[in-house]
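Understanding the architecture of this molecule
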Amino acid sequence: MVHELAPVEAKAEPVDNTIWPRIVAGFSLNKQINKRIQAQINWYVKHPKHMQRVCERARPFLYDIVEVLEQNNIPLEMALLPVIESAFQPFSYASGRAAGLWQFIPGTGRLVGLKQNWWYDGRRDVHMANRGAAKYLLSVHKMLKKDWLHTLAGYNAGPGHVIKAVRRNKKKGLPTDYWSLRLPKETMSYVPKLLAVAAIVENPAKYGHTLCDIPNQPALQLVDLNGQLDLSIAADLAQMSIDELHALNPGFNRWSTPPKGPHHL
């Protein structure tokens, strides 16, 4: 008697429920790797622990960034800007008085509606700064003839520098794409650095990296308050330590939310 073999069930491919495929699907910038991009990739290849630390810091905040950028039709490479701006440290404070994940200087922060006073710095309020960043990126994009690489350069150096560089090349009969422009030294490496990070996110195994599992779902919930609230009381109500609460609400400078708002946690 011949026994029939049971049919072999095909194994389902594992489903990646992290946010990374969503981000990669939203990439729309040039994917060609040139020497300037490769030089930046080489640095990240030599420093995999740096990306691991940055990835862990991004865990609470990345989902909201992606949501805001998608809602505004902004390429999702821009979700990686905090990697090179602040290494996803919301308390980051740099030269030129730049602060927060997106490293807004005071004037630019005010330009996009981020309050800054004794009580509060909206540049460090991740929820508000994410929206400010989208607003500023769209503004610079419009100023720079809707070229996203020019926009990135303008985000770093200021749009005026890019406009001058484009005019200079036009007068000389030279190309005016980003790669052909002469810009401040930092800006010359700024765009390649972002595109290098994007290349690693798109194919981490190729570059010897493993991205941490950040779920494609909200990690935080915004809570609207009726008015000023002591942060220690808020921490007790949320059943978390005051340090944990501060880590998620880095915009507050004092022991409570500001008297005149914003009243959210």
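See the structure printed just above.
This section reports on the structure supplied with the text. (Residues numbered from 1 in each chain as written. Predicted model: local features only at pLDDT ≥ 70, side-chain atom pairs only at ≥ 80, totals over all residues. Heavy atoms only, no water.)

Quick look at the overall build of the protein chain
Counting its regular elements, the protein chain contains twelve helices and two strands. In the protein chain, the succession of helices and strands from N to C terminus is α-α-α-α-α-β-β-α-α-α-α-α-α-α. Counting only C-alpha atoms, the protein chain reaches 85 × 65 × 30 Å along its principal axes. For the protein chain, the proportion of its 265 residues judged to be buried stands at 46%. A separation threshold of at least 6 residues defines the contact pool for the protein chain, and within that pool the share at least 24 residues apart is 64%. Surface accessibility of the protein chain: about 14900 Å² in total, with carbon and sulfur atoms responsible for 53%. Between the mean site of the 32 positive side-chain charges and the mean site of the 22 negative ones, the protein chain shows a separation of 17 Å. (Helix = DSSP H or I, 4+ residues; strand = E, 2+ residues; numbered from the N terminus. Buried < 20%, exposed > 50% of the residue type's maximum accessible area, 1.4 Å probe, protein only. Contact = heavy atoms within 4.5 Å. Areas by Shrake-Rupley, 256 points an atom, 1.4 Å probe, with all protein chains shown as cover. Lys, Arg positive; Asp, Glu negative; His and termini not counted. Charge placed at Lys NZ, Arg CZ, Asp CG, Glu CD.)

With respect to the state of the cysteines
Under the counting rule described, the total for this entry stands at one disulfide. The disulfide bridge from Cys 55 ends at Cys 212, spanning 2.1 Å between sulfur atoms. Disulfide Cys 55 to Cys 212: torsion about the S-S bond roughly -95°, handedness left-handed. With Cys 55 in helix α3 (residues 48-58) and Cys 212 in the loop between α10 (185-202) and α11 (231-238), this pair connects stretches of sequence that are 157 residues apart. (Disulfide = S-S within 2.5 Å.)

Digging into α11
The complete set of buried residues in α11 reads Leu 231, Ala 234 and Ala 235. Angularly, the buried residues of α11 cover 100° about the axis, an arc narrow enough to put them on a single face. With respect to the buried face of α11, the exposed residues turned more than 90 degrees away are Asp 236 and Leu 237. Contacts made by the buried residues of α11 are with α12 (242-248). Looking one or two places after α11, you find Gln 239, whose phi comes out positive at around 55°. (Arc of directions from axis to C-beta.)

Some thoughts on unusual backbone geometry
The step from Gly 261 to Pro 262 runs through a cis peptide bond, and the omega angle for that step is 10°. Relative to the elements of secondary structure, Pro 262 occurs in the segment after α12. For Ala 87, which is not glycine, the phi torsion reads 55° and is therefore positive. With respect to the secondary-structure elements, Ala 87 resides in the loop between α5 (81-85) and β1 (93-94). In this structure Ala 87 comes out as buried when scored by relative accessible area, which is 11%.

A word on the packing of aromatic side chains
Per the stated rule, a full pass over the model turns up nine aromatic pairs. Consider the rings of Phe 104 and Tyr 136, whose centres lie 6.3 Å apart with planes at 80°: the pair is edge-to-face. Taken as a pair, Phe 104 in the loop between β2 (98-99) and α6 (106-111) and Tyr 136 in helix α7 (residues 126-143) lie far apart in primary sequence, 32 residues in all. By the burial criterion, Phe 104 is buried, and Tyr 136 matches it. Taken together, the ring pairs connect Phe 104, Tyr 136 and Tyr 155 into an aromatic cluster. Sitting above the plane of the Trp 118 ring, Arg 254 keeps its charged end 3.9 Å from the centroid. (Phe/Tyr/Trp six-rings, centres within 6.5 Å; stacked < 30°, edge-to-face > 60°. Lys NZ or Arg CZ within 6 Å of the ring centre and 35° of its normal.)

Remarks on the packing of helix α8 (residues 148-157) against helix α9 (residues 159-171)
Two packed helices can be described by the angle between their axes and the distance between those axes. Interaxial distance between α8 and α9 falls to 6 Å at its minimum, and their mutual angle equals 125°. What the angle tells us is that α8 and α9 run oblique. The residues of α9 that touch α8, namely those facing His 150, Ala 153, Gly 154 and Ala 157, are Pro 159, His 161, Val 162 and Val 166. (Axes fitted to C-alpha atoms, helices over the stretch in contact; angles between N-to-C directions. Parallel < 35°, antiparallel > 145°, perpendicular 65-115°, else oblique.)

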